[in-house]
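# Secondary and tertiary structure notes
Next come the chains, spelled out residue by residue.
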Amino acid sequence: MEKLFVNGGNRLCGEVKIDSAKNALLPILAGCILVEGKVVIKKATAYTDVEAMCDILKSLGAQVNRKKDLLEIDCSSLSACEISHQLASPVRSSIFTLGPLLARLGRAKVAYPGGCDIGLRPIDIHLTALKELGCKIIEKNGYIYGEKLKREKTEVFLSFQSVGATENVIMFCALLPGTTKIFNCAKEPEIVDLANFLNKCGAKIEGAGSDVITVCGVEKLYGCCYQAIPDRIECGTFLIAGAMTGGEILLKNAIASHNSALIEKLKTCGCLIDSGKDFISLTAPKRLESFKEVETSVYPGFPTDLQPQIVAFASVANGCSLVFENVFENRFNYVGELLKMGCDILFKSSICIVRGKNKIFGADVVATDLRGGASLVLASLVAEGYTTINRAEYIDRGYFHIENKLAKLGADIKRI
Ligand code: EPZ
């Protein structure tokens with residue numbers, strides 16, 4: 001079990017570089033299943049979820065070699081189409097392999113995915129779309145059995161702008177003869193990044209980033225060299241850390257337009273924020289004002305993956321804030337741990353009321369999930385005294401040694 005130990009109270013000042021986006025790398029790794037050739041991914045940050053996806057690809061017979069932050073993946077000769085419960089259940093992104101396996105091999109047997117405990121996380125939208133495109137799908141004994149049959153429809157409508165379902169369907173259609181139109185797509189930057197990667201391999205995908213994506217199926221995809229976009233959630237987490245500690249930080253390899261919803265909120269709370277092509281700088285005010293209210297929604301709205309972090313921010317801002325979680329039905333599990341630190345938070349189903357405090361206190365707390373754990377780290381940076389964050393392995397799923405970057409900025413934090 002991983003633990004972080006923090007002595008709160010230091011201002012964060014200085015510069016850090018943002019890593020590649022976890023939620024872009026994961027579908028791109030799944031997309032490698034479609035490619036008959038070697039793919040080289042540069043700056044492939046070794047998040048534990050990325051390493052889990054590499055293990056999944058290896059179990060299918062892919063060649064996967066890591067050379068520091070460079071990943072070489074060759075799926076030219078896959079020997080299996082089955083993903084075990086042991087490999088699939090730790091991560092949500094295992095379900096992203098279903099579409100590519102059906103497209104490339106015509107068959108798949110994939111155990112149900114896992115992922116953070118932030119809601120039921122069904123996969124009905126994924127499966128409905130694949131069935132409408134001519135796949136036979138049977139769910140039995142904890143596995144999804146799939147078989148690609150004759151294409152039925154040329155258009156599918158996703159009942160919700162699901163990120164994963166959009167990615168799965170794009171990947172299935174990349175090798176499906178004919179043209180497919182996908183409606184009500186998710187518009188996240190990670191969708192655009194996946195499409196850019198697949199197009200670089202020879203796919204014909206148009207409209208990524210809008211709610212209608214058109215895919216013209218091709219015979220074969222070829223290897224390429226690719227680098228994913230920066231992680232907008234890591235970036236947002238560090239912006240909030242700088243703001244909460246009254247700091248002055250510069251984030252390199254950061255794309256401001258991917259975080260416009262958060263940046264607007266931070267500006268209303270008194271932060272001075274500047275940005276350029278690949279950087280964002282933040283100078284925090286002495287006392288943060290509350291942002292009054294924020295509602296999470298699909299991109300380009302306020303990201304649900306920054307909801308726990310903005311609740312930590314609200315816990316030490318001046319005034320009362322309302323936070324509506326509209327994407328996942330159970331994403332406040334971490335609040336109980338913030339209460340142990342003296343935060344003043346009420347929540348009921350999807351609404352959280354936060355009354356800002358002048359002071360919160362270090363405590364022994366437990367990470368409940370990836371972004372909930374990040375919220376505890378943020379709170380510990382401003383808490384009086386020491387905080388131990390247990391189950392920090394949750395945090396490692398989406399931040400690569402978060403303690404190193406925070407320490408570089410002046411935080412008194414270490415892994416114990
Ligand atoms: C992706 O999850 C991200 N994970 C999540 O990030 C992120 O929170 C989420 O998109 C929303 O932005 C990865 O990319 C690996 P969804 P995903 O399908 O694809 C419901 C993090 O912290 N839904 O857009 O699973 C679902 O229950 C993680 O990095 C269905 O009902 O999210 C949820 O309420 C957490 N049926 C909503 O849609 C389905 O078939 C959004 O889910 C699929 C989804």
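Because the structure is a prediction, the values reported are computed rather than measured. (Residues numbered from 1 in each chain as written. Predicted model: local features only at pLDDT ≥ 70, side-chain atom pairs only at ≥ 80, totals over all residues. Heavy atoms only, no water.)

This paragraph deals with helix H1 (residues 22–31). Extensive coverage of H1 is indicated by the burial of nine of its ten residues. All of the buried residues along H1 are Lys-22, Ala-24, Leu-25, Leu-26, Pro-27, Ile-28, Leu-29, Ala-30 and Gly-31. (Buried < 20%, exposed > 50% of the residue type's maximum accessible area, 1.4 Å probe, protein only. Helix = DSSP H or I, 4+ residues; strand = E, 2+ residues; numbered from the N terminus.)

The next point concerns the sheet that holds strand E2 (residues 13–17). Spatial strand order, E2-E15-E17-E16: four strands in an open sheet with mixed pairing. One side of each edge strand has no neighbouring strand; the edge strands of this open sheet are E2 and strand E16 (272–275). Ignoring which end each strand starts from, the neighbouring axes of this sheet average 10° apart. Two strands pair when backbone bridges link them, and E16 and strand E17 (residues 279–283) are joined in this way by four bridges, in the antiparallel orientation. Within E17, the position partnered with Asp-274 by the bridge is Ser-281. Seen against the sheet, helix H8 (residues 232–244) touches E2, strand E15 (248–252) and E17 and runs at an angle of roughly 170° to E15. (Pairing = 2+ DSSP bridges. Axes fitted to C-alpha atoms, helices over the stretch in contact; angles between N-to-C directions. Contact = heavy atoms within 4.5 Å.)

This paragraph deals with the state of the cysteines. Inspection of the entire model under this criterion finds zero disulfides. Among the cysteines around Cys-320, which has no disulfide bond, Cys-352 carries the closest sulfur, lying 9.8 Å off. For Cys-343, which is in no disulfide, the shortest distance to another cysteine sulfur is to Cys-352 and amounts to 10 Å. Judged by its relative accessible area of 7%, Cys-343 falls in the buried class. (Disulfide = S-S within 2.5 Å.)

Bringing the site of the ligand into the picture now. In the region of the ligand, 23 residues are neighbours, and Asp-124, Ile-125, Ser-162, Asp-305 and Val-327 sit closest. Measuring from an oxygen atom of the ligand, one finds a backbone N or O atom of Pro-122 at 3.3 Å. Within the side chain of Ser-162, an N or O atom sits 2.7 Å from an oxygen atom of the ligand. Contact with the protein chains covers 91% of the free accessible surface of the ligand, which is 820 Å². A molecule is said to occupy a pocket when more than half its atoms come within 2 Å of that pocket's grid points, and by this definition the ligand occupies the largest pocket. Among the elements of the structure, H1, helix H5 (124–132), helix H6 (163–173) and helix H12 (370–382) are those that each provide at least two residues to the shell around the ligand. (Near = heavy atom within 4 Å. Polar contact = N/O pair within 3.5 Å; in protein donor to acceptor, adjacent residues only side chain to side chain. Areas by Shrake-Rupley, 256 points an atom, 1.4 Å probe, with all protein chains shown as cover. 1 Å grid on protein atoms, 1.4 Å probe; cavity = no way out; pocket = protein on both sides within 12 Å on 5 of 7 lines; lining within 4 Å. Sits in = over half its atoms within 2 Å of the grid points.)

Our next topic: H5. For H5, the full list of buried residues reads Ile-125, His-126, Leu-127, Ala-129 and Leu-130. In the core, the buried residues of H5 are packed alongside helix H4 (98–105), strand E8 (135–140), strand E9 (143–148), strand E10 (155–157) and H6.

Attention now goes to the packing of aromatic side chains. For the structure shown, the criterion picks out six aromatic pairs. Between Phe-332 and Phe-347, the aromatic rings sit 5.4 Å apart at their centres with planes inclined by 45°, giving tilted as the arrangement. Taken together, the residues span a long stretch of sequence, with Phe-332 in the loop between strand E19 (320–324) and helix H11 (335–339) and Phe-347 in strand E20 (residues 344–348) at a distance of 15 residues. Phe-347 sits in the partly exposed class, given a relative accessible area of 43%. Counting every residue linked through ring pairs, the aromatic cluster contains Phe-332, Tyr-334 and Phe-347. (Phe/Tyr/Trp six-rings, centres within 6.5 Å; stacked < 30°, edge-to-face > 60°.)

What follows concerns the domain arrangement of the protein chain. Here the protein chain is partitioned into domain 1 (4–17 + 230–415) and domain 2 (25–227). Roughly 1800 Å² of surface becomes buried between domain 1 and domain 2 when both sides are summed, with 55% attributable to carbon and sulfur atoms. Run the count over domain 1 and domain 2 and you get two salt bridges. Taking the shortest distance from any N to any O, the salt bridge between Glu-190 and Arg-232 comes out at 2.8 Å. On the surface where domain 1 and domain 2 come into contact, there are nine residue pairs in polar contact (both at pLDDT 80 or more). Taken together, the residues of the side of domain 1 that touches domain 2 sort by class into six nonpolar, four polar and nine charged. (Domains from an automatic or database assignment. Buried area = accessible area lost by both parts, 1.4 Å probe. Salt bridge = Lys/Arg side-chain N within 4 Å of Asp/Glu carboxyl O. Nonpolar A, V, L, I, M, F, W, Y, C, P; charged D, E, K, R; others polar.)

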